[in-house]
Amino acid sequence: MAMLAILTFSFGQSAATAGQLTPQGAADMVTPTAAMAGDPPCGQAATSSKPTFFKDEVGQPPVAAPDSTNHYTLTAHLGSHSFHSGWPAVPTLGYSTANQKMDYLGPTIVTKEGTPINVKIVNALPAAGTTIFPQFGYPNYSNGVILHRHGGLQAAVDDGTPDQIVAPGGTRTNYYPNNQAAAPLWYHDHADSTASFNVYAGLAGFIPNTDTLEPSFNLPAGDFAKAYVLQDKSFDPVTKQLCYTHASPEFFGDLPVINGTIAPKQSVQPRRYTFTFINGSDSRFYHMTLQPTGATTGAAPQMTVVGSDSGYVLKPAKVNDLLIAPGERYTVVVDFTGHSGQWVLSNDAATPYPGGNPNVATVPQLMRFDVGAKVTGKDLSSVPSTIAETNNQQSAASLLLTARLRTVQAGEIVSGMPLLGNATGLLNFTAPATETPKLGSTEAWAMRNHSPDSHPIHEHLTQLRLVGRWPVTAWGYKDKFGRTQPGQDPVTGNAFPVTVGAFQAPGAFESGPKETFVAPPDYITVWVGQYNIGGTSVWHCHILSHEDGAMAMMMRPLVVGTATQTQLPLVLTQKRLDQLIRQPQAN
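Small disclaimer: the values here were computed from a predicted structure and weren't measured. (Residues numbered from 1 in each chain as written. Predicted model: local features only at pLDDT ≥ 70, side-chain atom pairs only at ≥ 80, totals over all residues. Heavy atoms only, no water.)

**Q** Please explain helix 4 (residues 574–582) as it appears in this structure.
**A** Given 3.6 residues per helical turn, the α-helix brings residues three or four places apart onto the same face. When we look at burial in helix 4, the residues that qualify are Leu 577, Leu 580 and Ile 581. The buried residues of helix 4 occupy an angular sector of 100° when projected down its axis, which confines them to one face. Looking at the buried residues of helix 4, the elements they touch are helix 2 (396–400), strand 23 (404–414), strand 26 (442–449), strand 28 (464–478), strand 30 (496–500) and strand 32 (523–530). (Buried < 20%, exposed > 50% of the residue type's maximum accessible area, 1.4 Å probe, protein only. Helix = DSSP H or I, 4+ residues; strand = E, 2+ residues; numbered from the N terminus. Arc of directions from axis to C-beta. Contact = heavy atoms within 4.5 Å.)

**Q** It is not clear to me how unusual backbone geometry should be interpreted in this structure. Could you clarify?
**A** Trans peptide bonds make up most of the peptide bonds, and negative phi angles are found at most residues other than glycine. Each neighbour pair has its own omega, and for Thr 351 with Pro 352 the value is -5°, a cis peptide bond. One can find Pro 352 in the loop between strand 21 (341–347) and strand 22 (365–371). The phi dihedral of Phe 133 falls on the positive side, at around 45°, and the residue is not glycine. Position of Phe 133 among the secondary structure elements: in the loop between strand 4 (117–123) and strand 5 (147–150). Using a relative accessible area of 6% as the deciding quantity, one classes Phe 133 as buried. Even without being glycine, Asn 178 reaches a positive phi, approximately 60°. Assignment of secondary structure puts Asn 178 in the loop between strand 6 (171–176) and strand 7 (186–189).

**Q** Sorry if this is basic, but what is going on with a nonpolar patch on the surface here?
**A** On the surface, Ile 413, Val 414 and Met 417 cluster together into a nonpolar patch covering about 230 Å² of accessible area. Positionally, Ile 413 belongs in strand 23. Residue Ile 413 is classed as partly exposed on the basis of its relative accessible area, which comes to 35%. (Patch = residues over 30% accessible without salt bridge, like charges linked within 9 Å, V, L, I, M, F, W, Y side chains within 5 Å. Areas by Shrake-Rupley, 256 points an atom, 1.4 Å probe, with all protein chains shown as cover. Salt bridge = Lys/Arg side-chain N within 4 Å of Asp/Glu carboxyl O.)

**Q** How should I be thinking about the sheet that holds strand 34 (residues 555–560) in this particular structure?
**A** Strand pairing within a sheet occurs via backbone hydrogen bonds; the two strands may be parallel or antiparallel. Here 4 strands make up an open sheet; going across it, the order is 31-27-33-34 and the pairing antiparallel. The sheet is open, and its two edges are formed by strand 31 (516–519) and strand 34, each paired on a single side. Adjacent strand axes in the sheet meet at a mean angle of 25°, parallel and antiparallel pairs treated alike. The sheet contact formed by strand 27 (residues 455–459) and strand 33 (residues 535–541) spans 3 bridges and is antiparallel. Of the residues in strand 33, the one forming a bridge with Glu 459 is Trp 539. (Pairing = 2+ DSSP bridges. Axes fitted to C-alpha atoms, helices over the stretch in contact; angles between N-to-C directions.)

**Q** I'm lost on the sheet that holds strand 6 in this one. Help?
**A** Spatially, the 4 strands line up as an open sheet ordered 2-1-4-6, and their pairing is mixed. Two strands lie at the open edges of the sheet, namely strand 2 (90–96) and strand 6, each paired on one side alone. The average undirected angle you get between the axes of adjacent strands in this sheet is 20°. Pairing analysis gives 6 bridges linking strand 1 (residues 71–81) to strand 4, with the strands arranged parallel. Residue pairing in the sheet places Leu 74 in a bridge with Ile 121 of strand 4.

**Q** Can you help me understand the state of the cysteines in this one?
**A** Each disulfide consists of one covalent bond between the sulfur atoms belonging to two cysteines. Taken as a whole and assessed by the stated rule, the structure comprises 1 disulfide. Here Cys 42 is linked by a disulfide to Cys 243, with a sulfur-sulfur distance of 2.2 Å. Residues Cys 42 and Cys 243 share a disulfide whose torsion about the S-S bond is about -90°; that sign makes it left-handed. Placement of the pair is Cys 42 in the segment before strand 1 and Cys 243 in strand 11 (residues 242–243), with a sequence separation of 201 residues. Take Cys 42 and Cys 243: they sit in the same class, and that class is buried. (Disulfide = S-S within 2.5 Å.)

**Q** Can you help me understand the pattern of salt bridges in this one?
**A** A side chain with one charge may pair with a side chain of the opposite charge, provided their charged atoms come close. Taken as a whole and judged by the stated rule, the model has 14 salt bridges. Note that Lys 514 is salt-bridged to Asp 309, the shortest N-O span being 2.9 Å. In this pair, Lys 514 sits in the loop between strand 30 and strand 31 while Asp 309 sits in the loop between strand 17 (302–308) and strand 18 (311–319), placing the two residues 205 residues apart along the sequence. Asp 309 shares its class with Lys 514; the two are buried. Arg 582 serves as the salt-bridge partner of Asp 578, at 2.7 Å between the closest nitrogen and oxygen.

**Q** Looking at this structure, how should I read the side chain of Lys 240?
**A** Secondary-structure assignment places Lys 240 in the loop between strand 10 (225–235) and strand 11. One polar contact links Lys 240 to Ser 49, side chain to side chain, over a distance of 2.5 Å. A polar atom in the side chain of Lys 240 sits 2.8 Å from the backbone oxygen of Pro 237. (Polar contact = N/O pair within 3.5 Å; in protein donor to acceptor, adjacent residues only side chain to side chain.)

**Q** Looking at this structure, I do not really get the environment of Leu 290. What am I missing?
**A** Positionally, Leu 290 belongs in strand 16 (residues 286–292). On the basis of relative accessibility, which here comes to 6%, the residue Leu 290 falls in the buried class. C-alpha separation for the pair Leu 290 and Gln 342, spaced 52 residues apart in sequence, amounts to 9.6 Å. Setting aside its immediate chain neighbours within four residues, Leu 290 contacts Ala 300, Pro 301, Met 303, Val 334, Trp 343, Val 344, Leu 345 and Phe 369.

**Q** What should I look at first to understand the side chain of His 188 in this one?
**A** Along the chain, His 188 turns up in strand 7. Engagement of the side chain of His 188 in a polar contact is seen with the side chain of His 150, the distance being 3.4 Å. A polar side-chain atom of His 188 sits 3.4 Å from a polar atom in the side chain of His 542. Not counting residues within four places of it along the chain, the set of residues in contact with His 188 comprises Tyr 95, Ile 146, Leu 147, His 148, His 150, Val 199, Leu 203, Ala 204 and His 542.

**Q** Would you mind going over the packing of aromatic side chains with me for this structure?
**A** Here a ring pair, both rings aromatic, is described through the centre-centre distance and the interplanar angle of the planes. Taken as a whole, this structure holds 33 aromatic pairs when the rule is applied. With a centroid separation of 5.5 Å and 45° between ring planes, the pair formed by Phe 336 and Phe 369 is classed as tilted. Taken together, the residues Phe 336 in the loop between strand 20 (329–335) and strand 21 and Phe 369 in strand 22 connect sequence positions 33 residues apart. Exposure class is identical for Phe 336 and Phe 369. Each is buried. Here the aromatic rings of Trp 445 and Trp 539 are separated by 5.2 Å at their centres, their planes lie at 85°, and the arrangement is edge-to-face. Remark: Trp 539 occurs in strand 33 and Trp 445 occurs in strand 26; sequence separation between them is 94 residues. (Phe/Tyr/Trp six-rings, centres within 6.5 Å; stacked < 30°, edge-to-face > 60°.)

Dropping the structure here:
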């Protein structure tokens, strides 16, 4: 959402704070009010009626069984789902497998490193031209679907890019080699121009990859490991049907939905648990803490981040709070030992993030953990000081030694309509590919974000590491006479940093293998990694309304080919990277 104010903030570096940006611009809660004339029906001000919070126990998606050896059939279909025990079932979308029918979200598919699988996606949606969810305002009713395994290292032809459409009645089989370390991967729809609508209606699920090292970490497992898809939804106050729209640049629901249930509760024992948080929201960031409620008092249970998007962190990070952007995943051990009572998973992230708008609904409470007084058996789990995995021991600094620096950017030529681009300007999705790494090469990407919002930038088909961020207090561009002017080029949208602040290292919680990065406004965010899968895929903002919305087109081709990118400077060292960031016109 475009805002004119200049924003200044920094990432917290202490172990006690996991990524909160300051200042916070939004109030804790927006009271539902009738939408003003001309406002969208939902997605900005709070419009839903509010059911009783913490009434329903949250469920875990069932685990899918293969329908033949290492083969799954995943059927996308219309369904009917109740989001609260006091509400009726309403139309939704879901994925089902041979042994698990789900009308909202999809079953969990557990994969193992070194054991490839085939997943056939079946489109059982109504025929093209048939209206589904008329209240959403779909841009078209082709009713096609695409299956994308987010974070997976599969071939480009099996990635689920926007051109791999499956029409109603059609099928397509994706091959997943699973040659990667244990990681909290997820799957979701990726259809061109309608992915945000389909995901909002329910087309998403969990597909964690496991490996032989994972049991040796001795983290809580089995019944003491749970996954939560964090979403925000709006509902018609009378019919309780889902409400969604692209009438604004971003969509913000006004009620929390966790694994398909509004503001649920989770009964737990006073012991350690492993929680995987998946931000499956359209646009909302969550800055989460555990807060006592009712008669509960005292310090909050300790949270320790042990993993992120693409696998485990080398050094688990104790945190008191955690920022998670759309598309990101974090694996967190929460120790409820000695904390019997009730603890609310709370959220105080500004909406939109990080500037905030008091007219946009916030979601201060997500779910409640009800901690009992007794454990059923001794807790033998632990949190190791080091988790050595096959993909987390090479540092970002070592990757920089052979990396070339590629500059990308995010901005708005028209206020409220963000775009991505390369070092020379902003581009739409149909412009020729400009991000073309050589197969097997290492690149560092410097994301210049001169838009008003934070963007979670996601690259397909690679694993990356965050190098860090540089605050920018002044942007500029060259006019036709070669003179530096303040701001951004009004025609191309290009902007380069004129005044750059001190380097900020990643927070410990975000130092592990990742593929989705928070790129704050007025910052240059740098990540680095190797490109080992050839072909054409995409990179994009994972705010779903930005990915395929009518007001935004924050998606670009990613073509990994054979040409050495000699036009890009070599990085070599952190010191040289700092010089390249500060002197972009000399590159």
